[in-house]
Amino acid sequence: MASEKPQRTPNFIRNIIIKDLEQGKNEGRVHTRFPPEPNGYLHIGHAKSICLNFGLAAEFSGLCNLRFDDTNPVKEEEEYVRSIIEDVKWLGFDWEDRLYYASDYFKQMYEYAVQLIKKGKAYVCDLTGDQIREYRGTLTKPGVESPYRNRPIDENLDLFERMRTGEFPDGSHTLRAKIDMAHKNLNMRDPVMYRILHAAHHRTGDQWCIYPMYDWAHGLEDSIEGITHSICTLEFEDHRPLYDWFLDQLGVHHPQQIEFARLNLSYTVMSKRRLLELVKEGHVSSWDDPRMPTLSGLRRRGYTPESIRNFSELIGVAKRESVVDIAMLEYCIREDLNKQAPRVMGVLKPLKVVIVNYPQAEAEYLEAINNPEDSKMGTRQIPFSRELYIEQDDFKENPPKKFYRLAPGQEVRLRYAYFIKCVDVIKDPQTGEITELHCSYDPETRGGHAPDGRKVKATLHWVSAADAIDAEVRLYDRLFNVPDPTSDKDQNYKTFLNPNSLEILSNCKLEPCLADAKPGEKYQFERNGYFCVDSVESTTGRLVFNRIVSLKDSWAKIEKRL
RNA sequence: UGGGGCGUAGCCAAGCGGAAAGGCACAGGGUUUUGGUCCCUGCAUUCGGGGGUUCGAAUCCUCCCGCCCCAGCCA
């Protein structure tokens, strides 16, 4: 019988590859690459690209390289290289021995440039940056040729060599491709191939003082590595003619550049520049703040690699610019954790309950299921005693319609324990605030079943007061309070920051089995959500949990309509 | 009034001339010791708009409208 693996949604890039394979292009090879610039941390938008490139390679028995596009030493740092490697690995992808750096190809790129000069297709230009801009023309007006455009080849060769050896200061010369200053596509108006930058590179040190520009370098990197499909984002569509031009002039292996729309997620921002700004200005604590859409932030928050890979598959790949609803991401992590995460009881906002007819000194252990979705995860024993904590939200003195939880005179079940009924509400005489509930329990309902078959409409989670362990729990909400914070042209995106994106609860009471929970471990706090032990600030003596995502809450919806 | 792209449901997204896939969200129902999960059901008579070609158009032609990207010695 045919397996019913969920069919992957087709996308145009996969279709192109299938067609190429049918036509026998590239000797039947599929070879992609993920080419980050090490100038920032990876975010979930990068994850889309990583999953696409590595996923396509895996699907067609091909290869995918990890390559650092490190052609601009003034923006790039070793630290970013480190974090990118960690993140791609964490996501679950393996580039085997194919970790490459554009900077490893500098020598070869230089030689290719010499070839172009010899063909009369490149020249050294002495125009300043401002002049180059002026000469380029505008969107509607053609450019003007540089006075240095027709320099003799020998002179170009000499000058280019001297640029390389460090004879000239930054900005004094460039190497430019000789194409067409009247081209409709501005990228083709004699683009700069090399600029002089007396800056130390994180890998090549001061070996070079000329550095290749993206357009010149990228196609060469792809070509050298034998890439077949060079997948990039939409804004490079205008650069494709140039990508093609360089490779055609050189007559070298010519990968196909294919562009797709980058990911945007609602209620957050995705550009490295803005993310960096949020960090620098202290709107978040760091790149790995659990509210950040960075991979390190999502990891710390408690997102799993599986959930992010699944998300990447679900959102698809197309050329249409779009904003994916963050509810889709939340769905993916719930779906994963529902199957994986052990259940546990934790009270976030405690309200004390005294079981008035439960013997003073008595205590007992009750059996609880670790994961109803997976019986292999077994059971555990949880302590029960006369004084407990329940959630403040689970009691209402004047319950609205459809409120099934605890209320004066109303009976509910304590999960895995007993039916209880509220008999008295104790308040602070000064403030009127409810400080304690007195309840009676039915000893016949041990384990949660009533021998007389009577039903109860709600089951509450609880923790034995004497046995509870204390923890801090951090609740996260969306970082911005509008779906698309950058779409408003008149208002800075930061004016839409959600001031309540972090809520710290410091008096949470958890089941004792959590006492030695390890950083990174994920649990479902029943009826609350999924939580992850913070990997940075949690210690054995002071447990800190991050809420990854709440459980779906249909009561909240009903309540909202009341 | 330059060039390059893109418009299919609230959000993603298939489809590429022969009766509008799928997912998220949403709504209703069933199961349930998590108001969770799971299971059903519903959710585009129509594909940005107008013309045209065709027996037949989301798919082809044409005009129009809207949105995005491009004038770094960034990537």
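Predicted model only: the values in this text are computed from it and were never measured.

**So, the overall build of chain A**
Here comes step 1: Along chain A, the regular secondary structure elements total 13 helices and 25 strands.
Here comes step 2: Computed over its C-alpha atoms, the radius of gyration of chain A comes to 31 Å, more than 25% above the 24 Å expected for a compact globule of 562 residues.
Here comes step 3: Counting only C-alpha atoms, chain A reaches 100 × 65 × 40 Å along its principal axes.
Here comes step 4: Residues classed as buried in chain A amount to 51% of the 562 residues present.

**Here we look at the nonpolar core**
Here comes step 1: If you look at the biggest cluster of nonpolar residues, it comprises 40 residues, and the most contacted ones within it are Ile44, Val88 and Phe311.
Here comes step 2: Counting only elements with at least two residues in this core, the list comes to helix 2 (44–59), strand 2 (63–68), helix 3 (78–91), helix 10 (295–301), helix 11 (305–315), helix 12 (326–340), strand 24 (529–533) and strand 25 (543–550).
Here comes step 3: At six residues, helix 2 tops the list of elements feeding residues into this core.
Here comes step 4: Among the domains, domain 1 (12–265) and domain 3 (474–562) are the pair contributing at least three residues each to this core.

**Topic: a nonpolar patch on the surface**
Here comes step 1: Residues Leu314, Met328 and Tyr331 make up a contiguous nonpolar surface patch of roughly 270 Å² in combined accessible area.
Here comes step 2: Mapping methionine 328 onto the fold places it in helix 12.
Here comes step 3: The partly exposed category is assigned to methionine 328, whose relative accessible area is 32%.

**Focus: the protein's contact with RNA strand B**
Here comes step 1: In the vicinity of RNA strand B there are 72 residues, among which Arg320, Glu321, Arg405, Arg415 and Gly447 approach most closely.
Here comes step 2: The contact atoms of RNA strand B, taken as those within 4 Å of the protein, divide so that sugar and phosphate hold 64%.
Here comes step 3: Here arginine 405 contributes a side-chain N or O atom positioned 2.5 Å from a base nitrogen of RNA strand B.
Here comes step 4: One of the side-chain N or O atoms of arginine 413 is found 2.6 Å from a sugar or linking oxygen in RNA strand B.
Here comes step 5: At five residues, helix 13 (residues 554–561) tops the list of elements feeding residues into the surface near RNA strand B.
Here comes step 6: Here the surface near RNA strand B is composed, by residue class, of 26 nonpolar, 20 polar and 26 charged.

**With respect to the domain arrangement of chain A**
Here comes step 1: Split into domains, chain A comes out as domain 1 (12–265), domain 2 (346–468) and domain 3 (474–562).
Here comes step 2: Taking only C-alpha atoms, the centre of domain 1 and the centre of domain 2 are 64 Å apart.

**Description of the sheet that holds strand 6 (residues 192–196)**
Backbone hydrogen bonds are what pair the strands of a sheet, in a parallel or an antiparallel way.
Here comes step 1: Overall, antiparallel pairing links the four strands, which are arranged 4-5-6-7 in an open sheet. The two strands at the open ends of the sheet, each matched to only one other strand, are strand 4 (122–125) and strand 7 (210–212). Between one strand axis and the next, the sheet turns through 20° on average, direction left out of account.
Here comes step 2: Bridging between strand 6 and strand 7 involves three bridges; their strand directions are antiparallel. The residue bridging arginine 195 from the neighbouring strand is tyrosine 211, located in strand 7.

**With respect to the environment of isoleucine 434**
Here comes step 1: Note on placement: isoleucine 434 falls in strand 18 (residues 434–441).
Here comes step 2: Among the residues examined, isoleucine 434 registers a relative accessible area of 27% and is labelled partly exposed.
Here comes step 3: Each C-alpha atom, one on isoleucine 434 and one on aspartate 516, is 32 Å from the other, the two residues being 82 residues apart in sequence.
Here comes step 4: In contact with isoleucine 434, other than residues within four places in its own chain, are Leu351, Phe395, Glu397, Val425, Ile426 and Lys427.

**Here's the deal with the pattern of salt bridges**
Opposite charge on two side chains permits them to pair, given that their charged atoms come into close proximity.
Here comes step 1: Enumeration according to the criterion identifies 52 salt bridges in this entry.
Here comes step 2: Put simply, aspartate 20 and lysine 25 hold a salt bridge, and the shortest N to O gap is 3.4 Å.
Here comes step 3: The class of aspartate 20 is buried, set by a relative accessible area of 5%.
Here comes step 4: As a salt-bridge pair, lysine 107 and glutamate 111 come within 3.2 Å of each other at their nearest N and O atoms. Of this pair, lysine 107 and glutamate 111 both sit in helix 4 (residues 106–118), four residues apart, roughly one helical turn.
Here comes step 5: A residue is classified by how much of its surface remains accessible, and glutamate 111, at 38% relative accessible area, is partly exposed.
Here comes step 6: Several salt bridges share partner residues, and in doing so they unite Asp288, Arg300, Glu472, Arg474, Asp534, Glu537 and Arg542 into one network.

**Quick look at helix 8 (residues 240–250)**
Here comes step 1: Within helix 8, burial applies to Leu242, Tyr243, Trp245, Phe246, Leu247, Gln249 and Leu250.
Here comes step 2: Structurally, helix 8 contributes buried residues whose contacts are with helix 4, strand 5 (174–177), strand 6, helix 7 (214–224), strand 8 (229–233) and strand 9 (256–260).
Here comes step 3: Of the residues flanking the end of helix 8, it is glycine 251, one or two places downstream, whose phi is positive at about 65°.

**Focus on unusual backbone geometry**
Here comes step 1: Its identity as a non-glycine residue notwithstanding, glutamate 96 has a phi of 50°, on the positive side.
Here comes step 2: Locating glutamate 96 in the fold gives a position in the loop between helix 3 and strand 3 (99–101).
Here comes step 3: One non-glycine residue with positive phi stands out, namely aspartate 190, at about 45°.
Here comes step 4: Looking at the element boundaries, aspartate 190 is found in the loop between strand 5 and strand 6.

**Some points on the side chain of glutamate 259**
Here comes step 1: Tracing the backbone shows glutamate 259 in strand 9.
Here comes step 2: Since its relative accessible area comes to 2%, glutamate 259 is described here as buried.
Here comes step 3: At a separation of 2.7 Å, a polar atom in the side chain of glutamate 259 contacts the side chain of arginine 240.
Here comes step 4: For glutamate 259, the side chain forms a polar contact with the side chain of glutamine 257, separated by 3.0 Å.

**Concerning the packing of helix 4 against helix 8**
Here comes step 1: Close contact between helix 4 and helix 8 brings their axes to 10 Å; oriented N to C, the two are set at 80°. Classified by the angle their axes make, helix 4 and helix 8 are roughly perpendicular. Along the contact surface, helix 4 presents Tyr112, Gln115 and Leu116, while helix 8 presents Trp245, Phe246, Gln249 and Leu250.
Here comes step 2: Class assignment for the residues of the contact of helix 4 with helix 8 results in five nonpolar, two polar and no charged.

Here is what the cut-offs are and how they apply
- Residues numbered from 1 in each chain as written.
- Chains lettered and ligands numbered in written order.
- Predicted model: local features only at pLDDT ≥ 70, side-chain atom pairs only at ≥ 80, totals over all residues.
- Heavy atoms only, no water.
- Helix = DSSP H or I, 4+ residues; strand = E, 2+ residues; numbered from the N terminus.
- Rg over C-alpha atoms; globule rule 2.2 N^0.38 Å.
- Buried < 20%, exposed > 50% of the residue type's maximum accessible area, 1.4 Å probe, protein only.
- Core = buried A, V, L, I, M, F, W, Y, C linked by side-chain atoms within 4.5 Å.
- Domains from an automatic or database assignment.
- Patch = residues over 30% accessible without salt bridge, like charges linked within 9 Å, V, L, I, M, F, W, Y side chains within 5 Å.
- Areas by Shrake-Rupley, 256 points an atom, 1.4 Å probe, with all protein chains shown as cover.
- Salt bridge = Lys/Arg side-chain N within 4 Å of Asp/Glu carboxyl O.
- Near = heavy atom within 4 Å.
- Polar contact = N/O pair within 3.5 Å; in protein donor to acceptor, adjacent residues only side chain to side chain.
- Nonpolar A, V, L, I, M, F, W, Y, C, P; charged D, E, K, R; others polar.
- Pairing = 2+ DSSP bridges.
- Axes fitted to C-alpha atoms, helices over the stretch in contact; angles between N-to-C directions.
- Contact = heavy atoms within 4.5 Å.
- Parallel < 35°, antiparallel > 145°, perpendicular 65-115°, else oblique.

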